[in-house]
Amino acid sequence: MTVKLNARAFDHAKKLTEEDRIVLDDRDEWSEHRPSAADENAYLEEHGFDEYARWYLGIDDEMGEETKGRYKFPYGDFERVHRCGVLSAEVRAGQQKYPDIENAVAHLHGMLDGRRAANK
């Protein structure tokens, strides 16, 4: 499996963060905040794979272009960046040894923690 950084999704996440379209939650909340399969399917039905891809920081280039399995490392709920999703992606990218994704997610983590500190 060859998973690489989805630069378009990374840029999208940075833009959303700069626009304060974020949820400053804790890592343990991702299981509750992550979109369900039904949410993913509904988003795909309405927006298509091009928009769907912007919500996943990794692309598995061995999977078909219009398959959900192609997209890895979700970070939001199709509206906002979730800190818990970013933290989860950071840990998984490190465990699976995807340094380009891990570095990008660490950057997002820093941006979100900066926003969190500013809000205290």
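On a predicted model such as this, the values are computed, not experimentally measured, just so you know. (Residues numbered from 1 in each chain as written. Predicted model: local features only at pLDDT ≥ 70, side-chain atom pairs only at ≥ 80, totals over all residues. Heavy atoms only, no water.)

(A) Fine view of the environment of Arg 8. Checked against the element boundaries, Arg 8 lands in helix α1 (residues 7-18). With 98 residues separating them along the chain, Arg 8 and Ala 106 place their C-alpha atoms 16 Å apart. Sequence-distant contacts of Arg 8, defined by excluding residues within four places in its chain, comprise Asp 50, Glu 51 and Arg 54. (Helix = DSSP H or I, 4+ residues; strand = E, 2+ residues; numbered from the N terminus. Contact = heavy atoms within 4.5 Å.)

(B) Broad picture of the packing of aromatic side chains. Scanning the model with the defined rule gives 10 aromatic pairs in all. On the basis of an interplanar angle of 10° and a centroid distance of 4.2 Å, the ring pair of Tyr 43 and Phe 78 is categorised as stacked. Of the two residues, Tyr 43 is situated in helix α3 (residues 37-53) and Phe 78 in the loop between β4 (71-74) and β5 (81-82); the sequence distance between them amounts to 35 residues. Of the two residues, Tyr 43 and Phe 78, both sit in the buried class. On the basis of an interplanar angle of 25° and a centroid distance of 5.3 Å, the ring pair of Trp 55 and Tyr 75 is categorised as stacked. (Phe/Tyr/Trp six-rings, centres within 6.5 Å; stacked < 30°, edge-to-face > 60°. Buried < 20%, exposed > 50% of the residue type's maximum accessible area, 1.4 Å probe, protein only.)

(C) Geometry of the sheet that holds strand β1 (residues 3-5). One open sheet accounts for three strands, arranged β1-β3-β4; its pairing is antiparallel. The outermost strands of the open sheet, each flanked by one partner alone, are β1 and β4. Taking each pair of neighbouring strands and ignoring which way they run, the sheet shows an average axis angle of 30°. Of the strand pairs in this sheet, strand β3 (residues 56-60) and β4 are connected by three bridges, and their pairing is antiparallel. Within β4, the residue paired with Tyr 56 across the bridge is Pro 74. (Pairing = 2+ DSSP bridges. Axes fitted to C-alpha atoms, helices over the stretch in contact; angles between N-to-C directions.)

(D) Representation of α1. Taking 1.5 Å as the rise per residue, α1 with 12 residues should run 16 Å; its terminal C-alpha atoms sit 16 Å apart, in good agreement. Buried residues of α1: Ala 9, Phe 10, His 12, Ala 13, Leu 16 and Thr 17, and no others. What you see down the axis of α1 is that its buried residues fit within an arc of 160°, all on one side. Looking at the buried positions of α1, the neighbouring elements they touch are β1, β2 (22-23), α3, β3, β5 and α5 (99-118). (Expected span 1.5 Å × (residues − 1). Arc of directions from axis to C-beta.)

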